[in-house]
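Coordinate analysis (summary)
Spelled out, the chains give:
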Amino acid sequence: MTLAPMTPLAAMPSPSTAVWQLGPVPIRAYALCIILGIVVACVVTEYRLRRRGVAPGAVLDIAVWAVPAGIIGARIYHVITSPEKYFGAGGEPIKALYIWEGGLGIWGAVAGGAVGAWLAARQLGIPFTVIADALAPGLPLAQAVGRLGNWFNNELYGGRTTLPWGLEVHVMDPDNPGHALRDDAGNPVLQPGLYHPAFLYEALWNVGVAALVLYLDRKLRLGRGRAFALYVMGYTAGRFWIELMRTDEANLILGVRLNVWTAVLVFLGALAYFVRVRGPREYLVPVGEPAAAPTPSGDVSQVDLSAREAAARPAPPEGYRVVTEEQFDAYRKTGVLPPVEPAADDDRPETPDDDATTAAADDTTTADADAADRTDADGTDADPERTDAERTNAGRADAAARPTDRDS
């Protein structure tokens with residue numbers, strides 16, 4: 001008896017086109033997915049920053065720094081870890097700049113984006129850990145959306161499979177990037193068999209990581225960067241086993257893909273941070289209040305309405321200071337800023353100004369004592385050089401120092 005070969009009953013198709021022309025402008029699916037992922041991350045981060053006390057719109061100021069730095073870092077990591085594609089035999093160095101053809105390393109993206117976010121945090125006066133924790137669930141969601149770009153590019157797949165969600169992979173045309181190679185009949189050419197959709201596994205895993213961060217952050221009230229560390233641990237745990245499934249070319253260390261080792265090291269670093277760092281969640285209140293706009297007077301026809309509308313919008317604060325959750329809740333209800341807790345005297349370092357102030361106070365005390373010695377017991381001044389005004393002021397000060405009659 002002859003058994004029929006096992007054929008899959010279903011398969012996941014792949015797009016045969018990853019770029020479209022809008023006149024002379026190419027519209028690339030990979031770039032659209034990256035942009036959409038950035039938008040998702042910004043929306044989530046903006047919402048979480050506001051709940052921590054940051055003024056509306058701050059995420060745009062952060063994104064101006066973090067997004068370009070993240071893209072540059074992602075591309076640098078990819079080029080460094082895969083140099084043969086650009087600088088090896090037959091490589092084209094100029095293609096190291098062609099980010100639309102794929103090749104962005106998440107490790108470089110996080111590192112570069114962190115540098116950009118840190119610079120923005122310094123300008124805005126926001127603690128960097130507050131930004132990191134606010135970004136923690138939005139970043140894996142952005143990665144999940146970005147992985148769809150790999151689907152359009154027919155990349156990031158695993159080994160052969162007969163599972164019903166096996167992926168059809170096209171042979172892409174090297175002479176026409178973004179398009180599948182076609183046969184004589186004009187049909188796109190497929191690679192034989194079906195493959196594990198590793199990009200889909202990672203996208204679904206990232207959505208789960210985002211849900212995990214949101215749940216534990218709400219339950220444990222994570223702060224001081226621990227929510228971001230939790231995201232890093234969750235992502236690297238998934239990246240470890242997904243990376244082992246991939247069959248595309250990669251640099252190896254001891255027979256294991258480079259990104260597997262990177263995932264292990266980053267996971268351990270995030271775990272150490274999560275375990276060692278402790279402290280309550282940070283909430284922010286503004287430093288100082290924006291000045292109220294002056295009310296215009298005079299002829300109504302001379303009032304600049306555009307200037308009035310601009311002044312009506314709240315100005316961003318000069319900076320922020322960290323308060324407890326109870327103080328933050330009271331501030332949101334009453335609008336009254338909590339008092340600034342003074343530093344303990346024992347902890348305040350002694351400065352030269354303190355020495356000068358102390359010396360001046362000692363001189364004043366000595367002068368007062370000398371003036372008292374020059375005054376007779378009966379209230380007359382023994383110093384003949386003192387003027388009448390000085391004697392009068394001294395008398396008033398002495399009268400003020402005497403206790404008031406309680407019966408009067």
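This one's a predicted model, so the numbers in the text were calculated from it and none came from an experiment.

Looking only at helices and strands, one finds 13 helices and eight strands in the protein. Out of the 408 residues in the protein, the part that is buried amounts to 34%. Intrachain contacts of the protein at a sequence separation of at least 6 include 73% that bridge at least 24 residues. As displayed, the protein has an accessible area near 25,100 Å², and 62% of this comes from carbon and sulfur atoms.

Moving on to helix α7 (residues 198-220). With 23 residues, α7 extends 32 Å from end C-alpha to end C-alpha; this agrees with the ideal 33 Å at 1.5 Å per step. Those residues of α7 that fall on the buried side of the exposure criterion are A198, F199, Y201, E202, A203, N206, V209, A210, V213 and D217. Where α7 is buried, its residues contact α1 (29-52), α6 (138-152) and α8 (226-245). Backbone geometry just downstream of α7 places R221 in the positive-phi region, at approximately 55°.

For the rest of this paragraph, the subject is the packing of aromatic side chains. For any pair of aromatic rings, the description consists of the separation of the ring centres together with the inter-plane angle of the planes. Inspection of every chain in the model, using the stated rule, returns nine aromatic pairs. In this structure, R226 packs its charged tip against the face of F274, placed 4.2 Å from the ring centre.

Another aspect to go through is the pairing of strand β1 (residues 19-22). Strand direction decides the pairing type here: β1 and strand β2 (residues 25-28), joined by four bridges, are antiparallel. Residue pairing in the sheet places Q21 in a bridge with P26 of β2. Counting the residues in the hairpin turn of β1 and β2 gives two residues, including G23, whose phi is positive at 70°.

Secondary-structure assignment places P13 in the segment before β1. Considered as a pair, P13 and G166 are 153 residues apart in the sequence and their alpha carbons are 8.6 Å apart. Each residue touching P13, except ones within four places of it in the same chain, is listed here: W151, L167 and E168.

To continue, consider the side chain of E202. Positionally, E202 belongs in helix α7. A relative accessible area of 2% places E202 in the buried class. Here E202 is in contact with R147, L156, Y235, R239 and I242, once residues within four sequence places are set aside.

Moving on, we come to the packing of α1 against α6. Here α1 crosses α6 at 170°, and the two axes come no closer than 8 Å. In terms of orientation, α1 and α6 fall into the roughly antiparallel class. Two secondary-structure elements touch here, α1 through A29, Y30, C33, I34, L36, G37, V40, A41 and V44 and α6 through G138, L141, A142, V145, G146, L148, G149, N150 and F152. Its residues placed into classes, the contact of α1 with α6 shows 13 nonpolar, five polar and no charged.

When the charged atoms of two side chains with opposite charge come close together, those side chains can pair. Using the criterion set out here, one finds twelve salt bridges in the structure. In this structure, R52 engages D217 in a salt bridge whose closest nitrogen and oxygen atoms are separated by 3.4 Å. Of this pair, R52 sits in helix α1 while D217 is found in helix α7, placing the two residues 165 residues apart along the sequence. When its relative accessible area of 3% is taken as the criterion, D217 is described as buried. The partner of R246 in a salt bridge is E243, and the shortest N-O contact between them spans 3.5 Å. With respect to burial, R246 and E243 carry one shared label: buried.

Let's shift gears to the confidence of the model for the protein. Detailed reading of the predicted coordinates is not advisable wherever pLDDT falls low. Looking at the protein, pLDDT values average 81 and 74% of them are 70 or higher. Confidence drops under a pLDDT of 50 for residues 1-5, and excluding neighbours within four residues, the segment shows zero contacts in the predicted structure. Counting contacts from residues 375-379, a segment whose pLDDT is below 50, to residues more than four positions away or on other chains yields five contacts.

The residue T17 is located in the segment before β1 in this model. Classification of T17 by relative accessible area gives buried; the value is 19%. Apart from the residues within four sequence positions on either side, T17 is in contact with F152, G178 and H179.

Below, the discussion takes up the environment of V264. Inspection of the secondary structure assignment puts V264 in helix α9 (residues 258-276). By relative accessible area, V264 is classed as partly exposed at 31%. Remark: the alpha-carbon pair of V264 and T236, spanning 28 residues in sequence, is separated by 7.1 Å.

Rules used in this analysis
- Residues numbered from 1 in each chain as written.
- Predicted model: local features only at pLDDT ≥ 70, side-chain atom pairs only at ≥ 80, totals over all residues.
- Heavy atoms only, no water.
- Helix = DSSP H or I, 4+ residues; strand = E, 2+ residues; numbered from the N terminus.
- Buried < 20%, exposed > 50% of the residue type's maximum accessible area, 1.4 Å probe, protein only.
- Contact = heavy atoms within 4.5 Å.
- Areas by Shrake-Rupley, 256 points an atom, 1.4 Å probe, with all protein chains shown as cover.
- Expected span 1.5 Å × (residues − 1).
- Phe/Tyr/Trp six-rings, centres within 6.5 Å; stacked < 30°, edge-to-face > 60°.
- Lys NZ or Arg CZ within 6 Å of the ring centre and 35° of its normal.
- Pairing = 2+ DSSP bridges.
- Axes fitted to C-alpha atoms, helices over the stretch in contact; angles between N-to-C directions.
- Parallel < 35°, antiparallel > 145°, perpendicular 65-115°, else oblique.
- Nonpolar A, V, L, I, M, F, W, Y, C, P; charged D, E, K, R; others polar.
- Salt bridge = Lys/Arg side-chain N within 4 Å of Asp/Glu carboxyl O.
- pLDDT = per-residue confidence, 0-100.

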